[in-house]
Amino acid sequence: MSAERITLTRHILMQQQQHPGATGEFSILLSQIALAAKRISRRLRVAGLTGALGAKDEINVQGEIVQKLDEISNDAFLESFAYGQLVSDMVSEEMEQPAQILGNADKGKYVVFVDPLDGSSNIDVDVTIGSIFSIHRRPAGSGDTLKKALHLKGRDQIAAGYALYGPSTMLVYTAGAGVHGFTLDPGIGDFFLSHENIHVPRRGSTYSINEGRRNNWFPETRNYVAYLQKKDKDSGRPYSGRYVGSFVADFHRTLLKGGVFLYPADPKNANGKLRLMYEAAPMALVIEQAGGRASNGRQSILDLIPQTLHQRTPLLIGSAEDVDTAESFYA
Ligand code: P6P
C-alpha cells in the first residue's frame, strides 16, 4: 500500500486545483454519494443476518419485483442528498416520479439520476452488485424534473460513476478529467485512491452477453457473436464469454480488462433492457473518459436525447475497437 493514501475527498480537491471553475460543492456532492455507498455496502455485508434479503410484495416502475435492499439503497441516496441544499431532484429506477429533494423546484444546483442497486437478481446469491449515478446541472428555469430531464443528453453530464459491492467495495467516477477508482478501507471507513487514471485497452478478449437469449436475438447479434467465437489468431479470436448478470460487475471487468458488453434490442425488447438516464449514459461517460466507446448500435449513447425518464436503450459498450467492430454488424 503506498505510503501516501489519497482519500476521495482529497482527490476531488486536488482535481479542483487543476479546474478552478469547479467549486467545493461538487466535492460535497460526491462525498454524499460516497456516504450512501458506504451505508449500502454495510447493509449488504450483513444482509443475511438482518433479514434484509428477499423481496417486498411490490412491483417497481420497471415491472420488476422490489427487493428489500433496492428500497434500502434508494433511501440511502435520498437521505444523503437531504442536507446540503445541492440536489434539487433525484431520479431513480425505484421511483416512478422524481423525488424533489428541496421544497423549491428551482433550488439546488444538481439533478442526480441513480440506479440505487443494480443487479437485484444477484442480491440473494451474494454475487457482486453495484450502484450507478449520473450528475447533471439543474437546467435553468422552473418546471418539474420531467421537463428538465428530457433535454439532458449524456454528454451534458458533469460527472458519473458507480459503486461496486464485490470482494472489495469500490467507487469509480469521472468528472471529465479521467476515470479514477477508490477502494473502501472498512477499518477506517473511507475510500482511498487505488486505480488512478483508468484506461480501457483498445481491444480486449472477452465478450459479455446473456447467451440464454440466443434464440431471441436479431441476426445482427447472432452474426456478431458468431464472429467473436470464430478462431482467428490475428484478431485474438475466439473471445472468452464472461457474464455476471450485474451490469456494474460486467462493466467494471470490461473497463479494466477490455472487451465488449452487449445488451442489444431483440424482437421482444425493441429498446433492449438497460435504462438510458441512470445505467447506459453514466457508464458511457466513464468508458469514453477511459478511451472506450458506448453505442446503441448506430450512434453514441452520449448523443441520445432522452424522451422519457425511464426509457431503455440497446447498448454496446467497451473497448473502442471492439465497439467499432460490433457497430459494423448493426449499422
Ligand atoms: P438479464 C440487473 O437486473 C440488470 O438490470 C443489469 O444489472 C444486468 O446487466 C441485466 O439486468 C441482466 O439482465 O436479462 O441478462 O438477466
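I will try to describe carefully the structure that is included in this document. The structure presented is a predicted model; accordingly, all values stated were derived computationally and were not measured.

Reading the values: rules and limits
Residues numbered from 1 in each chain as written. Predicted model: local features only at pLDDT ≥ 70, side-chain atom pairs only at ≥ 80, totals over all residues. Heavy atoms only, no water. Axes fitted to C-alpha atoms, helices over the stretch in contact; angles between N-to-C directions. Helix = DSSP H or I, 4+ residues; strand = E, 2+ residues; numbered from the N terminus. Parallel < 35°, antiparallel > 145°, perpendicular 65-115°, else oblique. Left-handed = near helix turned anticlockwise from the far one by under 90°. Contact = heavy atoms within 4.5 Å. Nonpolar A, V, L, I, M, F, W, Y, C, P; charged D, E, K, R; others polar. Near = heavy atom within 4 Å. Polar contact = N/O pair within 3.5 Å; in protein donor to acceptor, adjacent residues only side chain to side chain. Buried < 20%, exposed > 50% of the residue type's maximum accessible area, 1.4 Å probe, protein only. Arc of directions from axis to C-beta. Salt bridge = Lys/Arg side-chain N within 4 Å of Asp/Glu carboxyl O.

## Describing the packing of helix H6 (residues 219-229) against helix H9 (residues 320-330)
Contact geometry for H6 and H9: axes closest at 8 Å, N-to-C directions at 140°. Between H6 and H9, the angle falls in the class oblique. Considering the relative orientation of H6 and H9, their crossing is right-handed. Contact residues: H6 offers Glu220, Thr221, Asn223, Tyr224 and Tyr227, while H9 offers Asp322, Thr325, Ala326, Phe329 and Tyr330. Along the lines of polarity and charge, the residues of the contact of H6 with H9 split into 5 nonpolar, 3 polar and 2 charged.

## Re the site of the ligand
Surrounding the ligand, one finds 14 residues, the nearest of these being Asp118, Asn210, Tyr243, Phe247 and Tyr263. With respect to the ligand, the side chain of Tyr243 contributes an N or O atom lying 2.6 Å from an oxygen atom. At a separation of 3.0 Å, an oxygen atom of the ligand approaches a polar side-chain atom of Lys273. Class assignment of the residues belonging to the shell around the ligand gives a composition of 5 nonpolar, 4 polar and 5 charged.

## Some thoughts on the side chain of Thr128
With respect to the helices, strands and loops of the structure, Thr128 is situated in the loop between strand S5 (110-118) and strand S6 (129-137). In this structure, Thr128 is in contact with Leu164, Tyr165, Gly166, Pro167, Val244, Ser246 and Ala249, ignoring residues within four places of it in sequence.

## A look at H6
For H6, every residue scored as buried is listed here: Thr221, Tyr224, Val225 and Leu228. In an axial view of H6, the angular spread of the buried residues amounts to 95°, which keeps them on one side of the axis. Contacts made by the buried residues of H6 are with strand S11 (206-208), strand S13 (260-263) and H9.

## Considering the pattern of salt bridges
The tally for this structure, following the rule as stated, stands at 18 salt bridges. Taking the shortest distance from any N to any O, the salt bridge between Lys56 and Glu58 comes out at 3.7 Å. Judged by its relative accessible area of 25%, Lys56 is partly exposed. The partly exposed category is assigned to Glu58, whose relative accessible area is 35%.

None of the figures reported here should be taken as evidence of function without further support.
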